[in-house]
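In case you want the letters, here they are:
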Amino acid sequence: MIPALSSMRRIVIKIGSSTIADIDHASVRTAWLEAFAEDIAALRAKGCEVVLVSSGAVALGRPILKLGRKALELPEKQAAAACGQIMLMAAWKHALAAHHIHTAQLLVTLDDSENRKRYLNVRNTFETLLSHGIIPIVNENDTVTTAEIRFGDNDRLAARVAAMISADACVLLSDIDGLYTKNPKLHADAEHIAEILAISPEIEAMGEGPSSTTSHGGMTTKLIAAKIATAAGCHLVIAQGDGLHPIAALENKAKASWFYAPESPLSARKHWIAGALQ
Ligand code: GLU
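Just so we're clear, the structure is a prediction, and the values are computed from it rather than from any experiment.

1. Brief notes about the site of the ligand
Around the ligand, the surrounding shell holds ten residues, and the nearest of these are Ala57, Val58, Asn139, Asp142 and Asn154. Here Ala57 contributes a backbone N or O atom positioned 3.0 Å from an oxygen atom of the ligand. Between Asp142 and the ligand, the recorded distance is 2.8 Å, taken from a side-chain N or O atom to a nitrogen atom. Relative to its free-state accessible area of 300 Å², the ligand is covered by the protein chains to the extent of 99%.

2. A short note on the packing of helix α6 (residues 116-131) against helix α7 (residues 154-164)
Describing two packed helices takes the angle between their axes plus the distance from one axis to the other. In the contact formed by α6 and α7, the axes pass within 10 Å of each other and the chain directions differ by 80°. On the basis of the axis angle, α6 is roughly perpendicular to α7. Side by side, α6 and α7 meet where Tyr119, Val122, Arg123 and Phe126 of the first sit next to Val161, Ala163 and Met164 of the second. Classifying every residue of the contact of α6 with α7 gives six nonpolar, no polar and one charged.

3. As for the packing of α7 against helix α9 (residues 219-231)
It is at 8 Å that the axes of α7 and α9 come closest, and there the two elements cross at 5°. Considering the angle they form, α7 stands roughly parallel to α9. Residues Asp155, Arg156, Ala159 and Arg160 of α7 form the contact with α9, whose own contacting residues are Thr221, Lys222, Ile224, Ala225, Ile228 and Ala229.

Reading guide: rules and limits
- Residues numbered from 1 in each chain as written.
- Predicted model: local features only at pLDDT ≥ 70, side-chain atom pairs only at ≥ 80, totals over all residues.
- Heavy atoms only, no water.
- Near = heavy atom within 4 Å.
- Polar contact = N/O pair within 3.5 Å; in protein donor to acceptor, adjacent residues only side chain to side chain.
- Areas by Shrake-Rupley, 256 points an atom, 1.4 Å probe, with all protein chains shown as cover.
- Axes fitted to C-alpha atoms, helices over the stretch in contact; angles between N-to-C directions.
- Helix = DSSP H or I, 4+ residues; strand = E, 2+ residues; numbered from the N terminus.
- Parallel < 35°, antiparallel > 145°, perpendicular 65-115°, else oblique.
- Contact = heavy atoms within 4.5 Å.
- Nonpolar A, V, L, I, M, F, W, Y, C, P; charged D, E, K, R; others polar.

In C-alpha cells, the structure reads:
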C-alpha cells in the first residue's frame, strides 16, 4: 500500500526549474510558491523534518544576462546561476517566513559528497540546522563547478542529500507525474507505474533522455536518483509538481511513482560508497 508522505519523519523535496520559475516571464511563480509553503508548514505541523533542493538559479538568471533559451556555455551558466540564486533564495525566504519558518542556504558540489571528510561536515551542518527547526534549501554550487565535477542535475543531488541525512523519503517534483513504460509525451500507449519494488534492467530501460531545455534531469537521472536513495534506505517519489499544493495532492494520493527502499538498507558508510557518483 502506498504510504502517506506525512508518515515519513525526514523528507527531502526537490523542486525543478520549470516548477518554481516562470521561464517566459523571468520570475518566480509566486502563487505556486505560496501554496507550496503552506504544504511545507502542514508537513512540519505533522512532525516532519523537511529539506528542500531547489533548482531555478540558472532559469531565473538567464534573462538578467539576456541569454534567452539558447544552450549555455559553462561560464554563462555559472554567471546566470550567480544572478538567479539570490532571487531564488529571496523568494524562498519570503514564502516560508510567512509561516514563521527560518531558511538556510546550502550550496554544495559533487566534491562535497564524494570526499568523506567534507561529506561528514556537510551532514553535520544539515543536522544542526534541522535540530534548530530551520529548513535547509540546497542547490548545486553552480558558480564553482566545472563540467567534470558537476552533479549537473538536482535529481541526483537530492538523492545524495537524502542518503547523507538518512531521510525516509525523497520527493522529486517534476513536470511529469511519475515513471511510464515509455515516454508519454511521445507514445499514447505509455502506461504509468505507481509502485516500483526494484530497479530492474526493464525499469531502467523505461527512462528516456531530457525533454526540456530548462531542467537538466530527464527520467534517466531520476532513475539514478532512485537507485541512490533506495540503496540508502530512503523511498523515492516522482510526482507532478507544477500544480498548486503538490504535496497536499500527494498526501491525497495523486498519481505518482514510488520507488521503495528495501527492508534492510546498507549501513551508512556502505551506502556513502555505493552512492559515490565518480
Ligand atoms: N542547479 C541548477 C539551477 O539551479 C539546476 C539543475 C537542475 O535543473 O537539476 O539552475
